[in-house]
Amino acid sequence: MPQIAPSIFSSPKSFPPALPQIVPSILSSDICDLARLLPSLEQEAEWLHLDVMDGCFVPNITFGFPIIKSLRGKTKMFFDTHLMIAKPEQYFERFAEAGSDAITFHMEASEKPLEAIKQIHFLGRKAGIALNDESPAKVAFPFLEEADLVLVMGAPAGFGGQTLQAENVEKIRALRKKIDSEKLQALVSVDCGVNQETAKTLLEAGVDILVMGSAVFKAENPAEELKRLKEGLRL
Ligand code: DX5
Ligand code: ZN
C-alpha cells in the first residue's frame, strides 16, 4: 500500500487540539451552505466532524469521498472523519486521499481492530475507534494504547438530534479511568446528544472532545452559537 502524503491543508498543530474542545458535526448542516460558513467556523473550532454512513452499518446514508475532497479545498480545519460503514478497512486509503486527518471506525464493524489502527497510521493519519451504544467500554480497552482517539456514541449511531443516554456517560467514566490509570494518550470523544446541558455532565465525566451536530447547526448563525456554547462552558 503506498504511503499517502500528509494533507497539505491540515495543520500539524491540530492534534491534539486545545482540550477540551467542541467539534462541530456537519450532519445537521446544509452542506451546500458550508463553503460560506467555514471561514467563521474555523475561527471557533480546530476540527470538523464528518459523518460517513452507508445504509448498511447504520440505517442512514450521508456522503463520501467527493464531498470530503471538496470541503478539503476550502478549509485548513482538522478533518475528524467518523465512518459508520461496514468493512471500513477497504476504504481507509480513499478517505486519507480525500483529506481526512483522523479516521475513526466502529469496533462493531471491524474484525481486526489492531490491524485497522495500524493501517490508518501507515497512511499517516490519526486512528480513532468508536463504540456504538451496545458495546461496553471494555471492548475498547485492548486498543487504547494504539488508538489516538476513542469515540463514545451517546445514542445509537446513525442520526442527529437524539437524547444522550445515561449509561454512555458511565462508559466515558470507565474509559477516562482506564486511560488515566495507565497513563495513555488516547483522547476521549463523545458524539450524539451533546448540547449545552449534557456537555457539563460529559466534561465532568472526563471527555476531551464534544462533538455537536444539531446544537451548533440548528442555530441561525452556527459560528456565533459555537462561540456562545464555548463561553457558557468556559472552554
Ligand atoms: C450521528 C453522528 C453525529 C451527529 C450527532 O450518528 O455520528 O456526529 O451529528 O448529532 P447531534 O449532535 O445532533 O446528536
Ligand atoms: Zn459522528
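In what follows, the structure referred to is the one given above.
Residues numbered from 1 in each chain as written. Chains lettered and ligands numbered in written order. Predicted model: local features only at pLDDT ≥ 70, side-chain atom pairs only at ≥ 80, totals over all residues. Heavy atoms only, no water.

1. Notes on the packing of helix H6 (residues 196-205) against helix H8 (residues 222-233)
Between H6 and H8, the least distance of the axes is 11 Å, while the angle of their chain directions is 45 degrees. Of the possible angle classes, the one that applies to H6 and H8 is oblique. Of the two possible hands of crossing, H6 and H8 adopt the one that is right-handed. Residues Gln196, Ala199, Lys200 and Leu203 of H6 form the contact with H8, whose own contacting residues are Arg228, Leu229, Gly232 and Leu233. (Axes fitted to C-alpha atoms, helices over the stretch in contact; angles between N-to-C directions. Helix = DSSP H or I, 4+ residues; strand = E, 2+ residues; numbered from the N terminus. Parallel < 35°, antiparallel > 145°, perpendicular 65-115°, else oblique. Left-handed = near helix turned anticlockwise from the far one by under 90°. Contact = heavy atoms within 4.5 Å.)

2. Looking at the site of ligand 1
In the vicinity of ligand 1 there are 18 residues, among which Ser25, Asp51, Gly161, Asp191 and Ser214 approach most closely. Taking Gly158, its main chain carries an N or O atom lying 2.8 Å from an oxygen atom of ligand 1. Asp191 is positioned such that a nitrogen or oxygen atom in its side chain is 2.7 Å from an oxygen atom of ligand 1. Elements with a minimum of two residues in the shell around ligand 1: strand E2 (47-53) and strand E3 (78-84). (Near = heavy atom within 4 Å. Polar contact = N/O pair within 3.5 Å; in protein donor to acceptor, adjacent residues only side chain to side chain.)

3. Examining helix H4 (residues 113-122)
Those residues of H4 lying buried are Pro113, Ala116, Ile117, Gln119 and Ile120. Angular distribution of buried residues about the axis of H4 spans 160 degrees; they occupy a single face of the element. The inward-facing, buried residues of H4 contact helix H3 (92-98), strand E4 (102-106) and strand E5 (126-131). Backbone geometry just after H4 places Gly124 at a positive phi near 80 degrees. (Buried < 20%, exposed > 50% of the residue type's maximum accessible area, 1.4 Å probe, protein only. Arc of directions from axis to C-beta.)

4. Considering the coordination of the zinc ion (ligand 2)
Between any two of four tetrahedral donors, the ideal angle at the metal is 109.5 degrees; between two of six octahedral donors, it is 90 or 180 degrees. All of the protein donors around the zinc ion (ligand 2) are His49 (NE2), Asp51 (OD), His82 (ND1) and Asp191 (OD); their distances to the metal are 2.0 to 2.3 Å. Here the zinc ion (ligand 2) binds 6 donor atoms, and the angle range of 71 to 168 degrees at the metal identifies the geometry as octahedral. A relative accessible area of 3% places Asp51 in the buried class. (Donors = N, O, S within 2.8 Å, 3.2 Å for Na, K, Ca; no water. Tetrahedral: all angles 85-135°; square planar, octahedral: opposite > 155°, others 65-115°.)

5. Considering the pattern of salt bridges
Per the counting criterion, the structure on display carries 11 salt bridges. Salt-bridge contacts for Arg176 lead to Asp180; the nearest nitrogen and oxygen are separated by 3.3 Å. Residue Arg176 and its partner Asp180 are both found in helix H5 (residues 166-181); the two are separated by 4 residues, about one turn of the helix. Residue classification places Asp180 among the partly exposed positions, given a relative accessible area of 46%. Beyond isolated ion pairs, a larger network of salt bridges with shared partners links Glu170, Arg173 and Glu204. (Salt bridge = Lys/Arg side-chain N within 4 Å of Asp/Glu carboxyl O.)

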